[in-house]
Amino acid sequence: MPAAHLVTDALSRAGVKTVFSLSGNQIMPIYDACIDAGIRIVHVRHEAAAVYMADAWAQLTGEIGVALLTAAPGITNGLSPLYSARMAESPVLVLSGDSPLSADGMGAFQELAQTDITRPLVKHAVRCTRAGAMGSDVAQAITVALSGRPGPVHVALPFDLLQQEVAETDAIRPHVPRRQRTELPADRAQAIVRRLAAASRPLVLVGPMQNASRAGDRLRVARQALQAPVVPMESPRGLRDPSLGAFAGVLAEADLVVLLGKPLDFTVAHGRAPSFAPGADVIVVDPDEALVRRAIQVLGPRLHAHAAADADAALEALCEAAGAVDSRETWMARVDAAIATRVLASTPNDKDTAGKPRSQAVCEAVQEFLRQATDPILICDGGEFGQWAQAYCTAPTRVVNGVSGAIGGSLCYAVAASLARPDATVVALLGDGTAGFHLSEYETAAREGARFVAVVGNDARWNAEHVIQLREYGAHRLYGCALGTSVRYDAAAQALGGHGAHVASTAALAAALAEALATGLPACVNVEIDGQAAPVFASGGILGQGPH
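Residues numbered from 1 in each chain as written. Predicted model: local features only at pLDDT ≥ 70, side-chain atom pairs only at ≥ 80, totals over all residues. Heavy atoms only, no water.

1. Let's talk about the packing of helix α15 (residues 359-371) against helix α16 (residues 384-392)
Line of reasoning, step 1. Their axes nearest at 9 Å, the elements α15 and α16 cross at an angle of 45 degrees. Judged by the inter-axis angle, α15 sits oblique to α16. With respect to the hand of their crossing, α15 and α16 are arranged in right-handed fashion. Contacts between α15 and α16 involve S359, Q360, V362, C363, E364 and Q367 from the former and F385, W388, A389 and Y392 from the latter. (Axes fitted to C-alpha atoms, helices over the stretch in contact; angles between N-to-C directions. Helix = DSSP H or I, 4+ residues; strand = E, 2+ residues; numbered from the N terminus. Parallel < 35°, antiparallel > 145°, perpendicular 65-115°, else oblique. Left-handed = near helix turned anticlockwise from the far one by under 90°. Contact = heavy atoms within 4.5 Å.)

2. Notes on the pattern of salt bridges
Line of reasoning, step 1. Taken as a whole and assessed by the stated rule, the structure comprises 28 salt bridges.
Line of reasoning, step 2. Taking the shortest distance from any N to any O, the salt bridge between R149 and D286 comes out at 2.7 Å. Taken together, the residues R149 in the loop between α7 (134-146) and β6 (153-158) and D286 in strand β10 (residues 281-286) connect sequence positions 137 residues apart. For the pair shown, R149 and D286 are each scored as buried.
Line of reasoning, step 3. Residue E316 is joined to R218 by a salt bridge in which the shortest nitrogen-to-oxygen separation is 3.7 Å. With a gap of 98 residues between them, E316 in helix α13 (residues 311-322) and R218 in helix α10 (residues 212-226) connect regions that are remote in the sequence. (Salt bridge = Lys/Arg side-chain N within 4 Å of Asp/Glu carboxyl O. Buried < 20%, exposed > 50% of the residue type's maximum accessible area, 1.4 Å probe, protein only.)

3. Examining the domain arrangement of the protein
Line of reasoning, step 1. When the domains of the protein are assigned, the result is domain 1 (3-170), domain 2 (186-340) and domain 3 (359-528).
Line of reasoning, step 2. For domain 2 and domain 3, the distance between their C-alpha centroids amounts to 32 Å.
Line of reasoning, step 3. The partner domain 3 presents twelve residues to the twelve residues of domain 2 that form the contact.
Line of reasoning, step 4. Between domain 2 and domain 3, roughly 960 Å² of surface is buried when both sides are summed, and carbon and sulfur atoms account for 49% of that area.
Line of reasoning, step 5. If you sort the residues of domain 2 by the area they bury against domain 3, S213, E234 and R237 come out on top, with a joint share of 47%.
Line of reasoning, step 6. Across the contact surface, domain 2 and domain 3 share two salt bridges.
Line of reasoning, step 7. With a closest N to O distance of 2.7 Å, E384 and R237 form a salt bridge.
Line of reasoning, step 8. Residues that form the side of domain 2 that touches domain 3 fall into these classes: five nonpolar, four polar and three charged. (Domains from an automatic or database assignment. Buried area = accessible area lost by both parts, 1.4 Å probe. Nonpolar A, V, L, I, M, F, W, Y, C, P; charged D, E, K, R; others polar.)

4. Some words on the nonpolar core
Line of reasoning, step 1. One finds F20, M53, V94, I379, V426, Y442 and F452 to be the most contacted residues of the largest nonpolar core, which totals 52 residues.
Line of reasoning, step 2. No other element matches helix α3 (residues 47-61), which puts ten residues into this core.
Line of reasoning, step 3. Viewed by domain, this core spans two of them, domain 1 (3-170) and domain 3 (359-528), each represented by three or more residues.
Line of reasoning, step 4. In this structure, I27, L68, I142 and L157 belong to the second largest nonpolar core, which totals 35 residues. (Core = buried A, V, L, I, M, F, W, Y, C linked by side-chain atoms within 4.5 Å.)

5. Considerations on the packing of aromatic side chains
Line of reasoning, step 1. Counted under the stated rule, the structure contains six aromatic pairs.
Line of reasoning, step 2. With a centroid separation of 5.5 Å and an interplanar angle of 40 degrees, the aromatic rings of Y442 and F452 are classed as tilted. Taken together, the positions of Y442 in helix α19 (residues 441-448) and F452 in strand β15 (residues 452-458) put the pair ten residues apart, joining distant regions of the chain. The exposure classification of Y442 matches that of F452, with both residues buried.
Line of reasoning, step 3. Taken together, the aromatic side chains of W388, Y392 and F537 make up a single cluster linked through ring pairs.
Line of reasoning, step 4. Directly above the ring of F537 sits R342, whose terminal nitrogen or CZ lies 5.1 Å from the centroid. (Phe/Tyr/Trp six-rings, centres within 6.5 Å; stacked < 30°, edge-to-face > 60°. Lys NZ or Arg CZ within 6 Å of the ring centre and 35° of its normal.)

6. Observations regarding the state of the cysteines
Line of reasoning, step 1. All told, the structure shown has zero disulfides when counted by the stated rule.
Line of reasoning, step 2. Unpaired in this structure, C128 has its nearest cysteine sulfur neighbour in C34, at a distance of 15 Å.
Line of reasoning, step 3. Summary of cysteine pairing: C412 is not part of a disulfide, and the nearest cysteine sulfur, belonging to C524, is at 14 Å.
Line of reasoning, step 4. By relative accessible area, which is 0% here, C412 ends up buried. (Disulfide = S-S within 2.5 Å.)

7. Some points on the UniProt feature "domain: Thiamine pyrophosphate enzyme N-terminal TPP-binding" (unreviewed entry) in the protein
Line of reasoning, step 1. Annotation from UniProt places "domain: Thiamine pyrophosphate enzyme N-terminal TPP-binding" (unreviewed entry) at residues 3-116.
Line of reasoning, step 2. Between the C-alpha atoms that bound residues 3-116 there is a distance of 24 Å. The span itself is 46% helix and 18% strand. (UniProt positions renumbered as here; feature names shortened; annotations may be inferred.)

8. Quick look at unusual backbone geometry
Residues apart from glycine generally show negative phi values, whereas peptide bonds are mostly found in trans.
Line of reasoning, step 1. Residue A273 is joined to P274 through a cis peptide bond whose omega torsion reads 5 degrees.
Line of reasoning, step 2. Tracing the sequence through the fold places P274 in the loop between β9 (256-260) and β10.
Line of reasoning, step 3. Phi at A72 is positive, roughly 45 degrees, even though this residue is not glycine.
Line of reasoning, step 4. Here Q110, not a glycine, exhibits a phi torsion of approximately 60 degrees, which is positive.

9. Considerations on the sheet that holds strand β5 (residues 124-127)
Line of reasoning, step 1. What the six strands build is an open sheet, ordered β2-β1-β3-β4-β6-β5; its pairing is parallel. Where the open sheet ends on each side, the last strands, each with one partner, are β2 (40-43) and β5. In this sheet, adjacent strand axes meet at a mean angle of 20 degrees when their direction is disregarded.
Line of reasoning, step 2. Two strands pair when backbone bridges link them, and strand β3 (residues 65-69) and strand β4 (residues 92-98) are joined in this way by five bridges, in the parallel orientation. (Pairing = 2+ DSSP bridges.)

10. Quick word on the pairing of β10
Line of reasoning, step 1. Counted residue by residue, β10 has five buried out of six residues, so it is predominantly covered.
Line of reasoning, step 2. Of the strand pairs in this sheet, β10 and strand β11 (residues 303-308) are connected by five bridges, and their pairing is parallel. Bridge pairing in β11 places I283 opposite A305.
Line of reasoning, step 3. This β-α-β element, β10 to helix α12 (residues 289-299) to β11, shows right-handed connectivity. (Right-handed = clockwise from strand over helix to strand, strands pointing away.)

11. Describing helix α2 (residues 28-37)
Line of reasoning, step 1. The set of residues buried in α2 consists of P29, I30, Y31, A33 and C34.
Line of reasoning, step 2. Those residues of α2 that are buried lie in contact with α1 (4-13), β1 (18-21), β2, β3, β6 and α8 (159-163).
Line of reasoning, step 3. In the stretch just after α2, G38 is the one whose phi turns positive, near 70 degrees.

Below, the structure written as C-alpha cells:
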C-alpha cells in the first residue's frame, strides 16, 4: 500500500474523522487515502483558515485538530494561525506536503526547509525520512501535541515517500496516540496547600487550556476545595482584559499568587509591583521547565515554591491534598465583584458617534440573543470592538483570538464550531477590519453546511490603531487606518452563499439576529457602530474596598 495510507491510519487511530485543508499537488496522495479511511476533508479557501479551524476544533472538542497544507507557499500561509494556536495552548497537527526527499538539494519544485521555519512556532517539527515510519511519525507528533502544555506540531511529508509502496511487514505500526501526563508529586501538593491555607487573600491564575470553556468543572471544584479564586487568563491585554472587569485592582491586594500553568509574562506584568503586591509570595507550577526557570530568574526570593507538572494534574492534586480549608467567602466575593464590575472608568466620547449604535448597546443586544439561544457558542475577535464583545457578552462556551493578539480567525472559528457542534447556536462578534481577513470562508461555510451568525461591528477603520494614533500623536496625525465607509460585508456574505443583513440602529438588531438564525445559513449582520475605544473599568464600587 502507498505510505500515505500509513498517515491516514495514524489519524484514524487518534480518532480523527475531520481534517481542514486546501488542496495542492504534494498532498493529493493523502486526499486519496482519506477516502479509504473515511476521513472528511473540509476544503477551505486559504491555508490560514485551515489552521484556524483546526485550532477551534481542538478547543471545542478536546481532540487533536488537523490541518493539511501543501508545500512551501501552503505551509507558509499557515504560519500566523500556527502561532495563535501555540499561544492558545491548542493541540493542532499540521501536516504539510513536501518536495521529494530524493530530490533534496536539486532545486525541486517548492523545495523548502519547512521544519526550520516552523520549529520556533511549534512544540515539535519533523520531516519524514522513511516511508514505513510515516504513520509512527504522525502518531508521535500527536502525542506531543496533547501532552504537557498542549500546542501545535508539524510533520512534513515528502511527496516521494507518500507514493512509495510499503509492505505491511515493513511498516512501523504506530501506537495509539495518548496524552502523557506529568503529575504534581504529593509532597509538593501538600506544601502548596499548606501555604494556601496560611494565606488571607490567595489567587490562583491559570492559562488558556484551563479556561471556563475547556475546564469549567475542574475550576469550580478547585475553587471550592481550595477556598481560593481560580481565574483563567487568555487575553493579550492581560490585566486590562475587559472580560476581567476590575480584576487588576484585587490582584494587587493578593498576598499569595499561584501561577498554575499560567506563564509569568507580560500579561501579568512579569509579576512586578504595582500589579503584584511587593510582599506577595508567588508559587509557579508549569509543565514547561523553561518557564519554571524563567520564574526563578525573574522572581528571585519572591518565588516561594515551584514545580514542573501539568496544570490540570496539579489542580487535581491540590484538591486531593486540601482536606478541610477555612472559608474565605469575603475575599472570594470581592474578587468575583471585581471581575463582574462593568462601571466604565470614563464616559465614552459622544462627538464621534454620528447617531450610530454604541458598541456597548450592540453587545448587550447580542447578549440577550445568546441568553435565549440553544447551546450558545460565543466567538470574539478583533481590536476595540472585540474587547467590547468580551466585556459584555458571555456564553458557557467561548473562543477568543487569544494571547497571540492576532486577529482575523473568527469566521474560521465559527465554521469549525458549527461543524463540531451542529446543534449549537454559534455567534461571532468581530470588527470590520477583522472581517476582511477570511470573508471568502463564507463560501466554505455554505458549501459545508456550517451555520452561524457573525455580527460585524463596522466603524470603517482599524480602530485599535486609530486609538493609538489619536492618543499618541493627535487628531491631526491620523494616517493609514481608515476603511471604506460604504463597504457591505453583509452583501459580500450573501454573494458567497450566506445570509446578509445591514443594521443602522440598535432597535433593528434583535429582529436581524432572529432572522439570520432562522435562515439556517452562515449569516453576516453588518452593524454600523460608533467606533469607541475598548472599555476600561473602574475599581470604584467593588464590594468592600481595601484588603480583607
